[in-house]
Every structure is written in C-alpha cells, then in structure tokens.
Amino acid sequence: MPRPITFKPGEKVCLADIDPRKIDGDWDKESAAERMEQNAERTRDLAYRLYAENRRSVLLVLQGMDTAGKDGTIRAVMHSVSPQSCQVTPFKAPSNLELDHDFLWRIHQAVPRRGNIGIFNRSHYEDVLVVRVHNLVPKEEWRSRYERINEFEQMLTEGSVTIVKCMLHVSKEEQRERLQKRLDNPNKRWKFSKGDLAERKLWDDYQEAYEAALAHCNTKHAPWHVIPADRKWYRNLVVSELLRSTLEELDPQFPPSESGLDDITVV
Ligand code: AMP
Ligand code: MG
C-alpha cells in the first residue's frame, strides 16, 4: 500500500531530500481511483461505527505550504463520511479574542468530541511556522511551543484522541504552477492574494520551520507523516489510506444494545 514518509522520534528531517513526486509501488491514476473508492466505502463504515461507539475520536491535522492541497485533500478523502460525525476547522490568522488567550486555546475547542473525526485545515503548527518565519512573537516564546505542543498532544491522545499529522509536501515549481493557475482561472482567483507571493519569497525560511516542527514534534503518541503532494491523485490516495488504516486499527465497535429486545415487536 502507498505509505507516507515517516521518521524516528528525534530524527533530523531534510525536506529537500524527499521527492514530492515520489510514488510507492506502481500506482497510477486509474488504480488509485479504484482504491480510493474502496477506501471511501470502508471509511464510511468505520466512521459510522466510531460514531456509534462514542468513546474515541480521530484528529487529522493537515499542514502544507500554500497550494499544497489541504482543501482538495479534505474534499477527496472525506466525502463519504456523514457530516454529522465529521467537522472541518480551518485556522486563519488569530482574532483579537484568540490573541488574548494562549495559542492552544482556540485549538483545544476544536478538538473532535468522542465518536467524531475532526480535520484541522492548518493548526497549532502555524504557531511555530508563520509565527516563527515572521517573528510574530519573541524567539524564546515560539521556541518553547514545540514542547507545549508535545505535551498538549500527549494529553489528547491519553484522553482517547488519535492524532494523524500530515504535511503535504509540494515543490516550489509545483507551487508556481498552481499559483499561476489560480490567477488564470476566474473561478480560482478568489483563492489568490498578492500576499501569497510575499510568502513564496520566504520559501526557504518556511521549509526550515517545517523541518524544525517535523523533527521536534514527531512523537510516539503523535507522529508526523510527510505526503508527496506534487501529484494530487497520489496525495489523496496516501491520505485516504492513512485514514482508513488508522480507523481499522481503532476497530470501533457498536455498543451493546439493551437487553430483552428480542421479544419486542413494534406495533
Ligand atoms: P488560507 O489557508 O489560505 O485560508 O490562509 C490562512 C492564513 O492564516 C495563512 O496565511 C496562515 O499563515 C494564517 N494563519 C493561520 N494560523 C495562524 C497563526 N496562528 N498566526 C498567524 N497567522 C496564521
Ligand atoms: Mg491561501
């Protein structure tokens, strides 16, 4: 099965050494589409069981540079799951109210409740990515956040949240093409902002910030996965596979029904 790239806890990560076009095995668009269908069906069933069981939850964290495909991945991987048991939370620049609290305040509120699958489109990792690159808080403060994040994630996993963290890894050239497509397509222009070009200029700083986050916060309880993301169909396949296998490992069970139901007929 197509696997994401993983690292040992504490291992140094060099994104330049990971090929964003890497493919595991001999998958192509057609075989991937077929497998995606199977994954969707299986995920629907397992998510239904997770909801019925109402004991545990799954949190999928999606990070990646602009245009890496966070929105597209969510569309492709989650369409089969009942909206009742799944929430997507996008994290934008914090509001004034959010800035008046610690950086994990808004994050904690969005953690999926028991029985649910939650997806973070960006996350608390922005607080060691964009915040680090732009020095939005003093260095001592963002440096201490890696440890705060590890503690926070450990608390969540001990409280029955399974955390799946994915970094969608695109190349700088692929980003150029995708930004250009946004400019050229009237239906995609709304996604483009001039600020995206300013951020693109900071590409190397962002890669370095990602490498630090991937290395410092790759824990046993909440490991990171790097997803080769230059090919959208492959990116979707790897994430859907990861979600499916996570749910299969959890193996959620329907709760026992009340006793004495066998003799009841509804009239
Ligand atoms: P988008 O994903 O294109 O809607 O953009 C969301 C923007 O919010 C990105 O530019 C992020 O860098 C920014 N953002 C998200 N979280 C934070 C944060 N904690 N601090 C500052 N900016 C953030
Ligand atoms: Mg954007």
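Structure first, text after, so check above.
How each quantity is defined
- Residues numbered from 1 in each chain as written.
- Chains lettered and ligands numbered in written order.
- Predicted model: local features only at pLDDT ≥ 70, side-chain atom pairs only at ≥ 80, totals over all residues.
- Heavy atoms only, no water.
- Salt bridge = Lys/Arg side-chain N within 4 Å of Asp/Glu carboxyl O.
- Buried < 20%, exposed > 50% of the residue type's maximum accessible area, 1.4 Å probe, protein only.
- Helix = DSSP H or I, 4+ residues; strand = E, 2+ residues; numbered from the N terminus.
- Axes fitted to C-alpha atoms, helices over the stretch in contact; angles between N-to-C directions.
- Parallel < 35°, antiparallel > 145°, perpendicular 65-115°, else oblique.
- Left-handed = near helix turned anticlockwise from the far one by under 90°.
- Contact = heavy atoms within 4.5 Å.
- Nonpolar A, V, L, I, M, F, W, Y, C, P; charged D, E, K, R; others polar.
- Pairing = 2+ DSSP bridges.
- Patch = residues over 30% accessible without salt bridge, like charges linked within 9 Å, V, L, I, M, F, W, Y side chains within 5 Å.
- Areas by Shrake-Rupley, 256 points an atom, 1.4 Å probe, with all protein chains shown as cover.
- Near = heavy atom within 4 Å.
- Polar contact = N/O pair within 3.5 Å; in protein donor to acceptor, adjacent residues only side chain to side chain.
- Core = buried A, V, L, I, M, F, W, Y, C linked by side-chain atoms within 4.5 Å.

### What about the pattern of salt bridges?
Scanning the model with the defined rule gives 19 salt bridges in all. Between R122 and E126 there is a salt bridge, and its shortest N-O distance comes to 3.1 Å. A relative accessible area of 22% places R122 in the partly exposed class. A salt bridge links R148 to E151, with the shortest nitrogen-to-oxygen separation between them at 3.2 Å. Remark: E151 and R148 occur in helix α6 (residues 139-158); sequence separation between them is three residues, near one turn of the helix. Each of R42, D45, R49, R244 and E248 takes part in a single network of salt bridges with overlapping partners.

### Side note on the packing of helix α1 (residues 29-53) against helix α10 (residues 232-250)
Between α1 and α10, the least distance of the axes is 9 Å, while the angle of their chain directions is 30°. In terms of their interaxial angle, α1 and α10 are classed as roughly parallel. In the packing of α1 onto α10, the handedness of the crossing is left-handed. Facing K29, A32, R35, M36, Q38, N39, R42, T43, L46 and L50 of α1, the residues of α10 in contact are W233, N236, L237, S240, E241, L243, R244, L247, E248 and L250. Split into classes, the residues belonging to the contact of α1 with α10 amount to nine nonpolar, five polar and six charged.

### Points about the sheet that holds strand β5 (residues 224-228)
A sheet is described by the order of its strands in space; here five strands give the open sequence β2-β3-β1-β4-β5, paired in parallel fashion. Because the sheet does not close on itself, it has two edges, and the strands there are β2 (86-90) and β5. Going from strand to strand, the sheet's axes swing by 20° on average, the running direction of each strand aside. Relative to strand β3 (residues 117-121), β2 runs parallel, the two sharing five bridges. Of the residues in β3, the one forming a bridge with C86 is I117.

### A closer look at a nonpolar patch on the surface
A surface patch of nonpolar side chains, amounting to about 330 Å² of accessible area, comprises L261, I264 and V266. Position of V266 relative to the elements: it lies in the segment after α10. Residue classification places V266 among the exposed residues on the basis of a relative accessible area of 80%.

### Quick look at the site of ligand 1
As a matter of local geometry, ligand 1 sits amid F91, K92, A93, P94, R106, R122, E126, D127, V130, V131 and L136. Side-chain polar atom of R106 to a nitrogen atom of ligand 1: 3.2 Å apart, as the coordinates give it. Interatomic distance of 3.2 Å between a side-chain N/O atom of E126 and an oxygen atom of ligand 1. Among the residues making up the shell around ligand 1, the classes are represented as six nonpolar, no polar and five charged.

### Some points on the environment of E30
Tracing the backbone through its elements, the reader meets E30 in helix α1. Spatially, the C-alpha atoms of E30 and V133 are 39 Å apart, while their sequence positions differ by 103 residues.

### Topic: the environment of K22
Its location among the elements puts K22 in the segment before α1. In sequence terms K22 and P228 are 206 residues apart; their C-alpha atoms lie 6.0 Å from each other. Once you skip the residues sitting within four places of it in the chain, K22 turns out to touch I5, P228 and Y234. Within the local environment of K22, its side chain forms a polar contact with the side chain of D24, the two groups lying 3.3 Å apart.

### Observations regarding the nonpolar core
Where a protein is soluble and globular, its nonpolar side chains tend to be buried together. Ranked by size, the top nonpolar core spans 73 residues in total, and within it M78, F120 and Y125 carry the most contacts. With nine residues, α10 is the largest single contributor of residues to this core.

### Let's talk about the side chain of N236
Relative to the helices and strands, N236 is located in helix α10. You can call N236 buried: its relative accessible area is 11%. Once residues within four sequence positions are removed from consideration, N236 is found in contact with M36, G72, T73, A76 and V77.

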